[in-house]
Amino acid sequence: MKGVSARFTLRTLARNRVRTAVTVAGVALSAALLAAVLTSVASVQAGMAERTRATEGSWHAFSSEVSASAVDALADSGWVSDLAAFSNGGAAALSDADALSLGDFLALKSLPETVKGSSEPDGAPLSLMPELSEGRMPETADEVVLPDYYQGETLGADGEGGVSSDGPLEVGSVLKAKLGARTTLEDGEEAVVDARPRTLTVTGFYERQPPFVGNNYTAENSSAVALNAAGSPAGVSDADGEPSMGVYATTQGVGSVGEMARLFQEATGSQDADALFHGSLLQYLGVSDGRPIWGTLWMLAGVLAAVIVAASVSLIYNAFSISVAERTRQFGLLASVGASKRQLRRMVLFEALLIGAVGVPLGLAVGVAGTAGVFAASQGAFAALLGEGFTGLAVRADAGALAAAAALSFATLAISAWAPSARAARVSAVEAIRQTQDVRLSRRGAREASSKRRDAGPSVRIGLAGRLFGASGFVAHRNLSRAAARGRTVVASLAVSVALVVVSGSVALYLSPLSDRASSRNAAGSEADIVVSAYPERTGSREGSELSDHAAEFDGFLARAAELDGVRLSGTCRQGQAESVVGADMLSEEARAARESFDEQTSEEWVPSSFGADGTFYGSLCIFYLDDASWRALVGGLGLDEAAYTDPDHPRAIGLNTYQATMPDGTYISAKPFARTGSVDLYAIEGREGFSHMGVQEGPNGQVLVGYLDQEAASEGDPSIVTAPAAEAAQVLSIEIGALCDEEPAVVNAISGSFQFPAVILPESVAASAAGAGQYPENPFAYSFAGASFTADDHAKAAKALEELASGCEGLVINVTDVEASAQQGRLVAQAVQLFALCFSAITALIAVANVFNTLANGIILRTREFAVLRSVGMGGRAFARMMGYECASYAVRGLGIGLLVALAATWGLHAAVGMAFAGVAFDLPWEYLAAAVVLVLAVLALSVAYALRRTRAGSIAEALRADAL
């Protein structure tokens, strides 16, 4: 019988080619989406890991001081896969004259020697070795290479210090050094003890490396490093008399940095092992170090995969359910000739397996190919993300990601086909002939119907639906009651489609912090080619310490810059700060929580909180002053009354309602600081001799106090703050925030204004009117920094011309930055994020439409005989339309309700995922997409009613009644 059922299934699939092709396409689409999501995350993960290895080395753990026996213990440890060791040759103190330009010490260490595994695991060296600028690498313990800034220097010319040379250093020079152990004395000074003389020959010079010690083989605190040959003996020993060594290691089978630290301590036998762990690489290898961003990406992938699986189950289930319903008579006849329930169930499951065998591999291939296409279109953004030296990001067809996509796809198939297969197994020959399997009351419904018949006799109650909509409503209500299974299928389909549309909007909504962050960095949103920043030279006195005291000089520079050929001034933004009190009701809860967390990680315990008991903000308010043209453009762009916002006697501010920052723990902040507009109080605080001001803070009963830090006590390590009532120590000025700006103006973006919290924008004239009124904090409208944005025909040439112009400005420090390339990189990253959101939205919308229409259209086709019967007893077109409208309205209400609940849960999951990496992100719904989901449901239902009417009008009643499923 197995062979017969298999052949019968194959013949059925071949006979119904269209339905088979549609189902295979649905399975392939599901697998493609899963493969695309998982492959994308895996590819980005692999690319970032590759970039980190190439720029920082492939090491996982590093220690500059371990014993020789600890090196052996690490080599014998199963969790260590690759190990390289070097010896510490000691350090020598330079003379005071040499130390001024070369550092206090010269350290000696050997080149690394591979102890276990490979020196280049995963194709990258354990540690990045310096590149020679001249000469060759050392081959013996008495040969060394030195940093290139030593070249041409004569060491120990005054006869002092522990290092001397036989003349200006060059290849072949002889170096004499008194090398010993470097230690810290009781008075805090560093010195070399147990020094022994060594004679070393210089064989070459190497280029400087990046400063981070774990990535820089030649890094050493306050000293340069001379390198001798690998395997050279150590010149110093530890407390136990063992040679002092250093190690780089990669690990295997370790799940967290904490576990790695514990294993390292156990292997070295020291609880105080000086170990460093490569967190920037380990996060991409799945080894947790507490950083949230990578967990966010995988959690997003998990939420998207769950949404895709749910949508696919609905789509594929409907296809199998319709297939089983169409073949009810087939299954009944097979049951009548001896087919068992197990065999009937296996027929449907075998059909699912065959469809999966074709659709899943096809979908995986399409998913990888589609991912490659999207990556190819975004190579510029990926090159910007990876940094200099990288041309883009390759798609990695990761076996684990593809296996997970395939497993989820087959699981989706099994779930989708299980219920229809069970329904096929329950079909009896009699039910198949009568086709009553989908018109069945529940036990409760049967009891109620029986009770009503006994109570009411032969009469029929038409109910509320019948009274409101007539016979059409009565028939529709009975159809919904008796064909509950069919109704649930339609409602589920609608619910999934609604959820898909809303979730696609949620993806775009919660990916916006990524694009916002990319746009806020490197002047990506400034539309400028060159950004000039200016601040006053610090002379040590308070006089002239504000840029507002040098406004004439800065304005003169801008005027001269505007006269340069091919250079155009786009606008200026001057930045100041004022001590302020901002009401709790004006600030958003999310931004307040994010800022409190930021303060906890960055402020000393003795520093007063920035927030009062009721949430009122006490602290520095950042103020940006825009040039007149930029201010008027901002006011006009927000649709505000220009006269009201350009009145010099009553200035109104605009709140900058975006806040982007990074916490020390690696969490990003992306929040809207303001909840509403209103007035804020600014404080002009008087100075006090011997005290530094600590701004305003909350006092007893909500009283505003001014804090002062005792400078003498603070210098002795005992910081103490004294306070005075603000009414006695400050003057209060109120300023109205009349509107909020959710996006940085271009000139504010040029100086990364969104990094400030809270911040407002005012016209430059406000600061000009307060010129000469003192310094901050006496003058709340003083400013200390400014930025100017320029566009240029040739940005490189213009930057050089502006630098020459800036060099002639007295009293100002003016920096010229060519931001054209970095800004373009930021824009490309933002565009890549937006492209992903757009592609996901488009694909999910197509799935949603196909899902609903497929379910309703096929359901209507299966009811052809039912419609023919209704027409045969005299139901007209209008009555038929009312009946279908009633049914569809019932489906719409239930589908929308359930779909919105599902979408709400999925959106909350996305919010939680993004919240792992971005503090301050408020929970919100994509209202535009929600409206689109409602419109989609209504439109598809209307099309379905129209389609049903057309089918009933075009078909023959007699032919429909004679139709045979076989």
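Reading guide: rules and limits
- Chains are numbered independently. Their residues run from 1 in the order of the written sequence.
- Local features in a predicted model are, by the rule used here, given only for residues with pLDDT of at least 70; side-chain atom pairs are given and counted only at 80 or more, and totals for whole chains, interfaces and linings are based on all residues.
- Side-chain figures throughout are based on the complete set of non-hydrogen atoms in the structure, without hydrogens or water.
- Each patch is built from residues lacking any salt bridge and having more than 30% relative accessible area; the joining distance is 9 Å for like charges and 5 Å for nonpolar side chains (Val, Leu, Ile, Met, Phe, Trp, Tyr).
- Computed by Shrake-Rupley with a 1.4 Å probe, the accessible areas treat only the displayed protein chains as cover when residues are assessed.
- The rule for a salt bridge is simple: a side-chain nitrogen of Lys or Arg has to be within 4 Å of a carboxyl oxygen of Asp or Glu.
- In DSSP terms, a helix is any run of H or I states spanning at least four residues, a strand is any run of E spanning at least two, and both are numbered starting from the N terminus.
- When charges are counted, Lys and Arg contribute as positive and Asp and Glu as negative, whereas His and the chain ends are disregarded.
- Here the site of a charge means atom NZ of a Lys, CZ of an Arg, CG of an Asp or CD of a Glu.
- Under the scheme applied here, a residue whose accessible area is under 20% of the maximum for its type counts as buried, over 50% as exposed, and between as partly exposed, the area being computed with a 1.4 Å probe on protein chains only.
- As used in this structure description, the phrase polar contact means that two N or O atoms lie within 3.5 Å; if the pair is within protein, one of them must be able to donate a hydrogen and the other to accept it, and residues adjacent in sequence are counted only when both atoms belong to side chains.
- Whether two residues are in contact is decided by their heavy atoms, any of which lying within 4.5 Å being enough.
- For this analysis, a ring pair means two rings from Phe, Tyr or Trp (six-membered ring only for Trp) whose centres lie within 6.5 Å, classed as stacked if their planes differ by under 30 degrees, edge-to-face if by over 60, and tilted for the remaining angles.
- Consider the ring centre and the ring normal. A charge sits over the ring if Lys NZ or Arg CZ is within 6 Å of that centre and within 35 degrees of that normal.
- Only buried residues count toward a nonpolar core, which is a set of Ala, Val, Leu, Ile, Met, Phe, Trp, Tyr and Cys residues joined through side-chain atoms within 4.5 Å.
- Reported domain spans reflect what an automatic or database domain assignment gives.
- Defined by distance alone, a disulfide is two cysteine sulfur atoms within 2.5 Å.
- In this scheme, a helix's expected span is set at 1.5 Å multiplied by one less than its residue total.
- Along the arc lie the directions from the helix axis toward the C-beta atoms.
- pLDDT is a residue-level measure of predictor confidence that goes from 0 to 100.
- If DSSP finds at least two bridges between two strands, the strands pair.
- Note on definitions: angles span 0 to 180 degrees between N-to-C directions of axes, and those axes are lines fitted to C-alpha atoms, for helices only across the stretch in contact.

Engineer: In this structure, what is going on with a nonpolar patch on the surface? I would like to understand it.
Structural biologist: A cluster of nonpolar side chains, Leu901, Leu904, Trp908 and Phe923, forms an exposed patch at the surface whose accessible area comes to about 410 Å². By secondary structure assignment, the location of Leu901 is in helix α27 (residues 877-915).

Engineer: For this particular structure, what's the right way to read a negative patch on the surface?
Structural biologist: Taken together, Asp96, Asp104, Asp158 and Glu160 make up a surface patch of like negative charges. Tracing the chain through its elements places Glu160 in the loop between β6 (143-147) and β7 (163-165). A relative accessible area of 49% means that Glu160 is categorised as partly exposed.

Engineer: What's the story with the side chain of Asp82 in this structure? I'm lost.
Structural biologist: Along the polypeptide, Asp82 turns up in strand β2 (residues 80-93). No salt bridge is formed by the buried Asp82; the nearest opposite charge belongs to Lys116, separated by 8.6 Å. Separated by 2.6 Å, the side chains of Asp82 and Thr250 make a polar contact. With residues up to four places along the chain from it excluded, the contact list for Asp82 reads Lys116, Gly117, Ser118, Pro121, Leu126, Tyr248, Ala249 and Thr250.

Engineer: Would you mind showing me how to read the packing of aromatic side chains here?
Structural biologist: Note on aromatic pairs: each is described by the distance of the centres and the angle between the planes. Counting across every chain of the model gives 13 aromatic pairs. For the pair Phe264 and Phe277, a centre-to-centre distance of 6.4 Å together with 90° between the ring planes defines the contact as edge-to-face. In this pair, Phe264 is assigned in helix α5 (residues 257-268) and Phe277 in strand β12 (residues 275-277), connecting sequence segments 13 residues apart. Following the ring pairs from residue to residue traces out a cluster consisting of Trp59, Phe62, Phe86, Tyr217 and Tyr248. The aromatic ring of Phe86 is capped on one face by Lys109, whose charged end is 4.2 Å from the ring centroid.

Engineer: Help me understand the nonpolar core in this model?
Structural biologist: If you look at soluble globular proteins, the nonpolar side chains tend to sit buried side by side. Of all hydrophobic cores here, the largest spans 67 residues; its most connected members are Phe320, Phe331, Leu364, Val503 and Val937. Secondary structure elements with two or more residues in this core: α2 (17-56), α7 (292-326), α8 (328-336), α9 (341-377), α11 (399-426), α15 (484-520), α27 and α28 (927-954). At 13 residues, α15 tops the list of elements feeding residues into this core. Two domains share this core, each providing at least three of its residues, namely domain 1 (1-57 + 286-435) and domain 3 (464-524 + 821-965). Beyond its immediate stretch of four places on either side in the chain, Val937 contacts Leu494, Val498, Ala892 and Leu896.

Engineer: What is the right way to read the state of the cysteines from this model?
Structural biologist: Joining two cysteines, a disulfide is a covalent bond between their sulfur atoms. Within this structure, the stated rule accounts for zero disulfides. Residue Cys622 stays outside any disulfide, its sulfur separated by 8.0 Å from that of Cys573, the closest cysteine.

Engineer: Hey, could you run me through unusual backbone geometry in this one?
Structural biologist: Trans peptide bonds make up most of the peptide bonds, and negative phi angles are found at most residues other than glycine. At the junction of Phe757 and Pro758, the peptide bond is cis and its omega measures out at -25° in the coordinates. Within the element layout of this structure, Pro758 appears in the loop between α22 (746-749) and β24 (759-763). Positive phi outside glycine occurs at Asp122, with the angle close to 60°. Inspection of the secondary structure assignment puts Asp122 in the loop between β4 (113-116) and β5 (132-135).

Engineer: Can you help me understand helix α24 (residues 795-806) in this one?
Structural biologist: An α-helical segment advances 3.6 residues per turn. Residues three or four places apart therefore align on the same side. Taking 1.5 Å per residue, twelve residues should reach 16 Å; α24 reaches 16 Å between its end C-alpha atoms and fits that length. Listed in full, the buried residues belonging to α24 are Ala798, Ala799, Leu802, Leu805 and Ala806. Axial view of α24: buried residues confined to an arc of 120°, hence all on one face. Opposite the buried face of α24, at more than 90 degrees from it, the exposed residues are Lys797, Lys800 and Glu804. Its side-chain oxygen 3.2 Å from the backbone nitrogen of Lys797, Asp794 forms the N-cap of α24.

Engineer: Would you mind going over the confidence of the model for the protein chain with me for this structure?
Structural biologist: Detailed reading of the predicted coordinates is not advisable wherever pLDDT is low. When pLDDT is averaged along the protein chain, the result is 79; 77% of the residues meet or exceed 70. Overall, residues 540-544 carries pLDDT values under 50, and its contacts beyond four positions in sequence, including any with other chains, amount to seven contacts.

Engineer: Is there a simple way to explain the pattern of salt bridges in this structure?
Structural biologist: Between side chains of opposite charge, a pair can form when the charged atoms approach closely. Applying the stated criterion across every chain yields a total of 18 salt bridges. Here Glu139 ties to Arg136 by a salt bridge, and the two come within 3.9 Å at their closest N and O atoms. For Arg136, a relative accessible area of 35% puts it in the partly exposed group. A salt bridge links Asp599 to Arg595, with the shortest nitrogen-to-oxygen separation between them at 3.0 Å. Placement of both Asp599 and Arg595 in helix α17 (residues 589-602) is noted, with a separation of four residues, approximately one turn of the helix. Connected through salt bridges with shared partners, the residues Arg136, Glu139 and Glu143 form a single ionic network.

Engineer: Even after reading the chapter, I still don't get the sheet that holds strand β21 (residues 704-710), so can you show me in this structure?
Structural biologist: Sheet strands pair by backbone hydrogen bonding; their relative direction is either parallel or antiparallel. Pairing is antiparallel across the open sheet formed by three strands, whose spatial order is β20-β21-β22. Edge positions in the open sheet fall to β20 (691-698) and β22 (721-725), since each of these has one partner strand only. When the angles between neighbouring strand axes are averaged without regard to direction, this sheet yields 30°. Direction of pairing for β20 relative to β21: antiparallel, over a ladder of six bridges. By the bridge assignment, Gln697 is partnered in β21 with Leu705.

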